[in-house]
Amino acid sequence: MKPAEYRRMFEAEEAQWWYAGQRAIAAALLEPALAGRQGEKPRLLDAGCGTGMNLLVLAALGRAVGIDLAPQALAFCRERGVRALRASLLALPFPDAAFDAVTSLDVLYHSWVTDDRAAVAEMARVVRPGGVLLVRVPALRALWGAHDVEVESRHRYTRGEIVDLLASSGLRVERATYCNALLFPLLLARRTMDRLLRREGSDVGFLPPPLEWAFRRVLLAEAALVRRGVRFPVGASVVALARRPAPDQRRASTA
């Protein structure tokens, strides 16, 4: 991303409605997948950790480490006090089957990920048999706008594309849904208006407090529905949880 975007992210992602809500949706999928483990804490990797807020959350679930390619992002990770290494999604500096769970939250769509299939294969490589990969990406070309340009997006995905991408690396997709779904009509209207008015710049920032509260509550409600197994037919993002099968498991999708 552009350097200025990392500063905006660092200042917003702890409390801003979109970041807080999306973390809750991700947790609704990841926490049940890690529940019931015995013994030592799970080993977790955030692949493309940005400025490190997700690592703080993952640290409550296990032993977490992040990687990112941008020196600006790693500087903010140090400021947050989380562990992160400089590395590419396409060449992770870890041995095979090193992690119980890998997350990649809003990373695959960036222009610097020149081969998303290879990136998913590399993340799958470091997931242990029986472990999981959680991926989130922006959804639907109809929502393309100035924000995508500002953060150097390459693509907005459909649910089917993400399911196929994960399955191509031998992963069994257990859950895949659109999210940020309840606010989708507002977001579509906003992006359409942005294109008509030729607006430029990022969407990252705070809304007036009443809207921050309302939008955050909407996404928290959405997270509760996702935790109960609801699958939304449309939304501004796609989130999917896939498991690396153990040798004796059949590789079938139940998404």
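Rules and cut-offs
Throughout this document, residue positions are counted from 1 along each chain, in the order its sequence is written. Reporting of local features is limited, given that this is a predicted model, to residues whose pLDDT is at least 70; pairs of side-chain atoms are given and counted only at 80 or more, and all residues count toward the totals for whole chains, interfaces and linings. Excluded from the side-chain calculations are hydrogens and water; all other atoms, namely the structure's heavy atoms, are used. Basic side-chain nitrogens of Lys or Arg form a salt bridge, by our definition, when they fall within 4 Å of a carboxyl oxygen of Asp or Glu. Under the scheme used here, helices are H or I runs from DSSP no shorter than 4 residues and strands are E runs no shorter than 2 residues, and both carry numbers assigned from the N terminus. Any residue under 20% of the maximum accessible area for its type is buried, any over 50% is exposed, and the rest in between are partly exposed; the area is computed with a 1.4 Å probe on protein chains only. Note on definitions: a residue-residue contact is assigned when non-hydrogen atoms from the two residues lie within 4.5 Å. Polar contact is defined as a pair of N or O atoms within 3.5 Å, subject to the rule that within protein one atom must be able to donate a hydrogen and the other to accept it, and that residues adjacent in sequence are counted only when both atoms are side-chain atoms. A patch consists of residues exposed above 30% relative accessible area that lack any salt bridge, with like charges linked at up to 9 Å and nonpolar side chains (Val, Leu, Ile, Met, Phe, Trp, Tyr) linked at up to 5 Å. Using the Shrake-Rupley algorithm and a 1.4 Å probe, accessible areas are obtained, with residue cover drawn only from the displayed protein chains. Each nonpolar core is a collection of buried residues, namely Ala, Val, Leu, Ile, Met, Phe, Trp, Tyr and Cys, held together in the definition by side-chain atoms within 4.5 Å.

(A) Region of interest: the pattern of salt bridges. Tallied over the full model, the rule gives 17 salt bridges. Notably, a salt bridge pairs Arg 7 with Glu 11, separated by 3.8 Å at the nearest N-O pair. Of this pair, Arg 7 and Glu 11 both sit in helix α1 (residues 3–12), four residues apart, roughly one helical turn. Linking Asp 100 and Arg 128 is a salt bridge whose minimum nitrogen-to-oxygen distance equals 2.4 Å. Residue Asp 100 is located in strand β4 (residues 99–105), and its partner Arg 128 is located in strand β5 (residues 127–138); the two are separated by 28 residues in the primary sequence. Three or more residues joined by partner-sharing salt bridges are found here, namely Arg 43, Asp 100 and Arg 128.

(B) How the structure looks around α1. Within the span of α1, buried status applies to Glu 5, Tyr 6, Met 9, Phe 10 and Ala 12. Of the surrounding elements, those touching the buried residues of α1 are α2 (17–34), β2 (63–68), α4 (71–80) and α6 (146–150).

(C) Structural view of the side chain of Asp 116. Residue placement: Asp 116 occurs in helix α5 (residues 116–125). On the basis of relative accessible area, Asp 116 is assigned to the buried category, the value being 16%. Side chain to side chain, Asp 116 and Tyr 157 meet in a polar contact 2.7 Å long. Residues contacting Asp 116, with those up to four places away along its chain left out, are Leu 108, Arg 154, Tyr 157 and Leu 165.

(D) Region of the structure containing a nonpolar patch on the surface. A grouping of Met 193, Leu 196 and Leu 197 is seen on the molecular surface, where their side chains present a nonpolar patch of about 350 Å² in accessible area. With respect to the helices, strands and loops of the structure, Leu 197 is situated in helix α8 (residues 184–197).

(E) Geometry of the nonpolar core. Leu 45, Leu 89, Phe 94, Val 102, Leu 108, Met 123 and Leu 166 are the most contacted members of the largest nonpolar core, which has 67 residues in total. Sort the elements by how many residues they give to this core and α2 lands first, with nine residues. The contact partners of Met 123, leaving out residues within four places of it in the chain, are Ala 47, Leu 89, Leu 92, Val 102, Ser 104, Leu 108 and Leu 133. One finds Phe 10, Ala 70, Ala 73 and Phe 76 within the second-largest nonpolar core, a separate group that totals five residues.

(F) Quick look at the side chain of Ser 88. Assignment of secondary structure puts Ser 88 in the loop between β3 (84–86) and β4. Since its relative accessible area comes to 19%, Ser 88 is described here as buried. There is a polar contact of 3.0 Å between the side chain of Ser 88 and the backbone nitrogen of Leu 90. Here Ser 88 is in contact with Ile 67, Leu 69 and Trp 112, once residues within four sequence places are set aside.

(G) Fine view of the environment of Trp 18. Relative to the elements of secondary structure, Trp 18 occurs in helix α2. Counting along the chain gives 129 residues from Trp 18 to His 147, while the straight-line C-alpha distance between them is 14 Å. Setting aside anything within four residues of it in sequence, one finds Trp 18 in contact with Asp 106, Arg 136, Asn 180, Leu 219 and Ser 237.

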